[in-house]
Every structure is written in structure tokens, then in C-alpha cells.
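Structure assessment
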Amino acid sequence: MTEDFDWYGRAVTGQAYDGASFVDVDMTEVTDDGSTFTDCTFRLVLFNASTHTNAAFTNCRFSRCTFFDTTFTSCKLVGSTFDACTFGPLTVEGGDWSYVGLAGADLRSATFRGVRLREADITGAKLDDAVLAECDLTGASTRATSLVGCDLRGSDLSTLDPATVDLRRAVVGWRQAVQLATSLGLDVRPD
């Protein structure tokens with residue numbers, strides 16, 4: 001099933017799509033509450049200024065889509081991949097983004113707060129000056145990820161290898177600082 005019509009400004013509540021293809025669909029200003037997309041493909045879709053609450057995009061593929069001023073609240077994107085997508089200000093509040101593929105993504109203006117990102121692939125992603133606060137990054141692939149000036153406070157960094165990422169000016173809490181220093185082989189002791 002291919003969805004190729006204009007969704008501009010639609011209110012979508014509790015819809016379910018399985019294996020659908022969305023090609024060149026304008027989903028600008030869509031308000032999505034509780035819809036489910038399983039194994040769907042989104043290609044050249046505009047998600048600009050759309051809001052998604054309690055929605056699920058499970059094992060979906062996003063290719064060359066645009067996410068400008070897009071908000072995901074308590075959404076599930078487990079196993080979804082993003083390829084050559086454009087991200088403007090993106091806000092993600094809560095939800096489960098485990099196993100998501102965001103390798104090489106430019107997320108410099110993104111805010112992820114309280115999001116489960118277990119085993120997510122953010123290899124080579126640009127998260128400079130972004131917010132990754134109170135996120136679970138356990139097992140995330142982070143090699144060559146740029147976290148320059150990124151706010152990481154409250155996030156689980158236990159599996160982050162600080163030698164393989166750029167952490168200049170990153171904002172961390174005291175416990176995280178000790179954890180990162182220990183990961184680098186430093187012997188941290190009280191004064």
C-alpha cells in the first residue's frame with residue numbers, strides 16, 4: 001500500500017499502518033495522537049511542524065525526510081532508521097528510541113530529554129550544542145560522534161568510550177565526570 005496524498009494539517013488519531021509506503025507526502029503540521037506505523041517506509045516526506053504523541057513508528061525506514069520543528073512526545077521508534085534526513089529543531093520528550101539508526105545524522109539543534117536510546121546507532125552523528133539529558137544511552141554506538149557543547153546531564157554514559165567521541169565543552173554532572181575520567185584510565189580520588 002502506498003500513501004501519496006497530502007496530509008497537510010491533518011489530525012490523525014489511533015490510525016494503524018502496517019508495511020505502508022509514504023512517498024513524497026506532505027505531513028506538515030500533522031497532529032498525530034496514538035497512531036501506529038509498523039514496518040513502514042517514509043521517503044521524501046515533510047514532517048515539518050508536526051507533533052506526534054504516544055505514537056509508534058516501529059521498524060520504519062525514513063529516507064530523505066525533513067524534520068523541521070518536529071515534536072515526538074512519549075513515542076516509540078524502536079528499530080527505525082533515518083537515512084539522509086534533514087533535522088531542524090527536533091524535540092523528543094520521553095519514549096523509546098532503542099535500536100534506532102541515526103548514524104551520521106546532523107542533530108545539532110535537537111533536544112532529547114528522558115529518551116531511551118539503548119543500543120541506538122549514533123555513529124558519526126553531529127550533536128554539537130544539542131541536549132541529550134536524562135537519556136539511557138546504554139550500549140549506544142557512538143564512535144566518531146561529535147558531542148561538542150552537548151548537554152548530557154543525567155544521561156547514562158556507562159558504555160560511552162570518551163576516547164572515541166568529541167566531548168569538548170560537553171556539559172556533564174559530577175558523577176558523570178568521574179565516570180568519564182575513570183573510563184579514560186584516570187585514578188580519581190578525593191582531595
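The coordinates are above.
Report follows, based on the coordinates. (Residues numbered from 1 in each chain as written. Predicted model: local features only at pLDDT ≥ 70, side-chain atom pairs only at ≥ 80, totals over all residues. Heavy atoms only, no water.)

1. What to know about the overall build of the protein
In terms of regular secondary structure, the protein is built from 1 helix and 17 strands. In terms of overall dimensions, the protein is globule-like: its C-alpha atoms have a radius of gyration of 17 Å, near the 16 Å expected for 191 residues. For the protein, the C-alpha atoms occupy an extent of roughly 65 × 25 × 25 Å along the three principal directions. For the protein, with 191 residues in total, the buried portion stands at 45%. The long-range share in the protein, meaning contacts at least 24 apart out of those at least 6 apart in sequence, stands at 1%. Averaging the coordinates of the 16 positive side-chain charges in the protein and doing the same for the 27 negative ones gives two points 6 Å apart. (Helix = DSSP H or I, 4+ residues; strand = E, 2+ residues; numbered from the N terminus. Rg over C-alpha atoms; globule rule 2.2 N^0.38 Å. Buried < 20%, exposed > 50% of the residue type's maximum accessible area, 1.4 Å probe, protein only. Contact = heavy atoms within 4.5 Å. Lys, Arg positive; Asp, Glu negative; His and termini not counted. Charge placed at Lys NZ, Arg CZ, Asp CG, Glu CD.)

2. Quick look at the environment of L152
Among the structural elements, L152 can be located in the loop between β17 (131-133) and α1 (174-183). Residue L152 is classed as buried on the basis of its relative accessible area, which comes to 1%. Each C-alpha atom of the pair L152 and F112 lies 9.7 Å from the other, and the pair is 40 residues apart in sequence. Beyond its immediate chain neighbours, meaning those up to four positions away, L152 contacts L132, L147, L157, L167, A170, V171, V172 and Q176.

3. A short note on the environment of P162
By the secondary structure assignment, P162 is in the loop between β17 and α1. Assessed through its relative accessible area of 11%, P162 is described here as buried. Here the alpha-carbon distance between P162 and G139, two residues 23 residues apart in the chain, equals 14 Å.

4. Structural notes on the nonpolar core
If you look at the biggest cluster of nonpolar residues, it comprises 52 residues, and the most contacted ones within it are F22, F42, F62, W97 and F112. Apart from residues lying up to four places away in sequence, F112 is in contact with L90, V92, W97, L107, L117, V131, L132, A133 and C135. (Core = buried A, V, L, I, M, F, W, Y, C linked by side-chain atoms within 4.5 Å.)

5. Things to note about the pattern of salt bridges
Between side chains of opposite charge, a pair can form as their charged atoms come close. Across all of its chains, the model carries 7 salt bridges by this definition. In this structure, R61 engages D83 in a salt bridge whose closest nitrogen and oxygen atoms are separated by 3.4 Å. Separated by 22 residues along the polypeptide, R61 in strand β10 (residues 61-63) and D83 in strand β13 (residues 81-83) bring together distant segments of the chain. Residue R61 is classed as partly exposed on the basis of its relative accessible area, which comes to 41%. D187 is the salt-bridge partner of R189, the closest N and O atoms lying 2.7 Å from each other. (Salt bridge = Lys/Arg side-chain N within 4 Å of Asp/Glu carboxyl O.)

6. What about the packing of aromatic side chains?
All chains considered together, the criterion is met by 24 aromatic pairs. Seen from their ring centres, W7 and Y17 are 5.9 Å apart, and the 45 degrees between their planes marks the pair as tilted. Here W7 is found in the loop between β1 (2-3) and β2 (11-13), whereas its partner Y17 is found in strand β3 (residues 16-18), with 10 residues between them in sequence. A residue is classified by how much of its surface remains accessible, and W7, at 1% relative accessible area, is buried. On the accessibility criterion, Y17 (10% relative accessible area) is buried. (Phe/Tyr/Trp six-rings, centres within 6.5 Å; stacked < 30°, edge-to-face > 60°.)

7. Brief notes about unusual backbone geometry
Residues other than glycine predominantly adopt negative phi, and peptide bonds predominantly adopt the trans conformation. In this structure, D39 is a non-glycine residue whose phi angle is positive, near 55 degrees. Structurally, D39 can be placed in the loop between β6 (36-38) and β7 (41-43). For A84, which is not glycine, the phi torsion reads 55 degrees and is therefore positive. Looking at where A84 falls in the secondary structure, it is placed in the loop between β13 and β14 (86-87).

8. Brief notes about a nonpolar patch on the surface
A contiguous nonpolar patch, built from V178, L184, L186 and V188 and spanning about 350 Å² of accessible area, is present on the exposed surface. Relative accessible area serves as the criterion here: at 52%, L184 is assigned to the exposed category. (Patch = residues over 30% accessible without salt bridge, like charges linked within 9 Å, V, L, I, M, F, W, Y side chains within 5 Å. Areas by Shrake-Rupley, 256 points an atom, 1.4 Å probe, with all protein chains shown as cover.)

9. Here's the deal with the environment of F87
Summarising the element assignment, F87 is placed in strand β14. Sequence-wise, F87 and V100 are 13 residues apart; in three dimensions their C-alpha atoms are separated by 15 Å. Among residues more than four places away in sequence, those in contact with F87 are F67, F82, L102, A105, D106, L107 and S109.

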